[in-house]
Structure formats: structure tokens, C-alpha cells
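Per-entry structural report
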Amino acid sequence: MVRRVAAAVAGLVLIAEAFGVFMLLMTVGIVVENQSMSLDGLDPALMSDGAFGFGVFSAVFLAGCGLVLLLVGGRDRAPARLGRVLLVIAAVVHGVLGALAVGLVGWEAFAVLMAVLALIVYTLVAYGPGGRPDGPESGQAAREERGREREEGQELAQGLPQGEAGSKPAA
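These numbers were taken from a predicted model, which means no experiment stands behind them. (Residues numbered from 1 in each chain as written. Predicted model: local features only at pLDDT ≥ 70, side-chain atom pairs only at ≥ 80, totals over all residues. Heavy atoms only, no water.)

Overview of the UniProt feature "transmembrane region" (unreviewed entry) in the protein
- Following the UniProt record, one finds the feature "transmembrane region" (unreviewed entry) at residues 7-32, 52-73, 85-104 and 110-128.
- Taken end to end, residues 7-32 has its terminal C-alpha atoms 37 Å apart, with 100% of it in helix and 0% in strand.
- A distance of 31 Å separates the end C-alpha atoms of residues 52-73, which is 100% helix and 0% strand. (UniProt positions renumbered as here; feature names shortened; annotations may be inferred. Helix = DSSP H or I, 4+ residues; strand = E, 2+ residues; numbered from the N terminus.)

Dropping the structure here:
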């Protein structure tokens, strides 16, 4: 139950973060365009377009990761390979940005980024690499299946003559 809630909360946080990052980069692009700012002779229109483009890319990436987390929480299943790769990339980006945020913005921003990082990593670890997390039901089913296989193996071994039950065929 905690896994599902953590995945859903992380998904909602990443979708909200996507909106915030989009708005921040759109604001930067508008300011650069209106002020005709230039960095070492670069065209202000190119810098503005770059900010807009990166804003769209970042928002789509973060919203996609948020959608993956919402699906993980809703279905109670581990993300597929592509979803897992996206979440690992998002976790690494949050870790690097958290390290940069300490010096540039402050400890509050660091704490927020580390909380989001913790939610993403917890979801990745809680759901593991398999399709569905191990729970009491799946553990019981696996034990019953192993018990049936042992019984079938014993029945086959009992049907063979004494010397042939454990012997290997000659090569």
C-alpha cells in the first residue's frame, strides 16, 4: 500500500514540477527576448528560442516520468524497461540539481529536490526489476508451485528401478 501511495505522490510531484520548470524557462526566454540580452555576442533570439525549447523538452520529460509513476501506482506493477530508464535518468538529474542547488539557491531547494529523489528511488527499489512486487499472495503461490514440482519429481523417481533413479546417462 505504501508503494502505491509513494509512486502516486511522486507522479503528482513530477507533473507539478514539469509545470513549474516550464513556466520558469518560458519566463527566462521572455526576459531574454524583451531585454535583448546577449552572452558573448550570441544572438538573443537564439538564446530565447533555446530557453523555450528546453522548457518544452523538460516539461515533456518530467510529465512523462510523472505519468509513468502514476501508472506504476495505479496498476501496482513495476515500470517497463523504458519507464525504468526514464525514472533512473530523472533520479540522476534530481541528484545533480540538488548538489548544485545547495550553492546557488539554498538548503530549502536542496531538501525539496532530495525529497523528490527519495520518492523516485523508493519507487524504483520497492517495485524491483520484476513485473509485480513480491507479496504474500505471490510468495504462497511460488511455494505451492515448488511443492508440486517436488512431488512430481519424487513420483517419477519412484517409478524407476532403484539403480536408475539417481544415475546419469553415460556419455
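Structural notes on the packing of aromatic side chains
- Evaluated as defined, the whole model comprises 3 aromatic pairs.
- Seen from their ring centres, W107 and F110 are 5.4 Å apart, and the 85 degrees between their planes marks the pair as edge-to-face. Of this pair, W107 and F110 both sit in helix 4 (residues 107-127), 3 residues apart, roughly one helical turn.
- Of the residues examined, W107 reaches a relative accessible area of 58% and is grouped as exposed.
- Under the relative-accessibility criterion, F110 is labelled partly exposed at 25%.
- In textbook terms, an aromatic cluster arises when at least three aromatic residues are bridged by ring pairs, as seen for F54, F57 and F61. (Phe/Tyr/Trp six-rings, centres within 6.5 Å; stacked < 30°, edge-to-face > 60°. Buried < 20%, exposed > 50% of the residue type's maximum accessible area, 1.4 Å probe, protein only.)

Points about the side chain of T123
- Inspection of the secondary structure puts T123 in helix 4.
- Judged by its relative accessible area of 1%, T123 is buried.

Description of the nonpolar core
- If you look at the biggest cluster of nonpolar residues, it comprises 20 residues, and the most contacted ones within it are L14, C65, L69, L87 and I120.
- Elements with a minimum of two residues in this core: helix 1 (2-35), helix 2 (44-75), helix 3 (81-104) and helix 4.
- If near-sequence neighbours (up to four positions away) are discounted, L14 is found in contact with L62, C65, G66, L69, H94, V116 and I120. (Core = buried A, V, L, I, M, F, W, Y, C linked by side-chain atoms within 4.5 Å. Contact = heavy atoms within 4.5 Å.)

Some remarks on the environment of I120
- Mapping I120 onto the fold places it in helix 4.
- With residues up to four places along the chain from it excluded, the contact list for I120 reads L14, L69, L87, A90, A91 and H94.

Comments concerning the environment of L14
- On the secondary structure map, L14 appears in helix 1.
- Overall, the relative accessible area of 0% leaves L14 in the buried class.
- Sequence separation of L14 and L70 is 56 residues, and the distance between their C-alpha atoms is 9.9 Å.

A look at helix 3
- Along its 24 residues, helix 3 runs 34 Å from first to last C-alpha, staying within 8% of the 34 Å computed at 1.5 Å per residue.
- Looking only at helix 3, the buried set comprises G83, L87, A90, A91, H94, G98 and A101. (Expected span 1.5 Å × (residues − 1).)

Brief notes about helix 2
- For helix 2, spanning 32 residues, the distance from its first C-alpha to its last is 46 Å, which sits close to the expected 46 Å at 1.5 Å a residue.
- Of the residues one or two after helix 2, D76 is the one with positive phi, at around 55 degrees.

Section: unusual backbone geometry
- Its identity as a non-glycine residue notwithstanding, D76 has a phi of 55 degrees, on the positive side.
- Within the secondary structure layout, D76 lies in the loop between helix 2 and helix 3.
- On the accessibility criterion, D76 (15% relative accessible area) is buried.

Details of the packing of helix 1 against helix 2
- Orientation of helix 1 relative to helix 2, taken along the N-to-C sense of each, is 170 degrees, at an axis distance of 7 Å. With respect to each other, helix 1 and helix 2 are oriented roughly antiparallel.
- In the contact of helix 1 with helix 2, the residues fall into 28 nonpolar, 8 polar and 4 charged. (Axes fitted to C-alpha atoms, helices over the stretch in contact; angles between N-to-C directions. Parallel < 35°, antiparallel > 145°, perpendicular 65-115°, else oblique. Nonpolar A, V, L, I, M, F, W, Y, C, P; charged D, E, K, R; others polar.)

Details of the side chain of S58
- By the secondary structure assignment, S58 is in helix 2.
- On the basis of relative accessible area, S58 is assigned to the buried category, the value being 10%.

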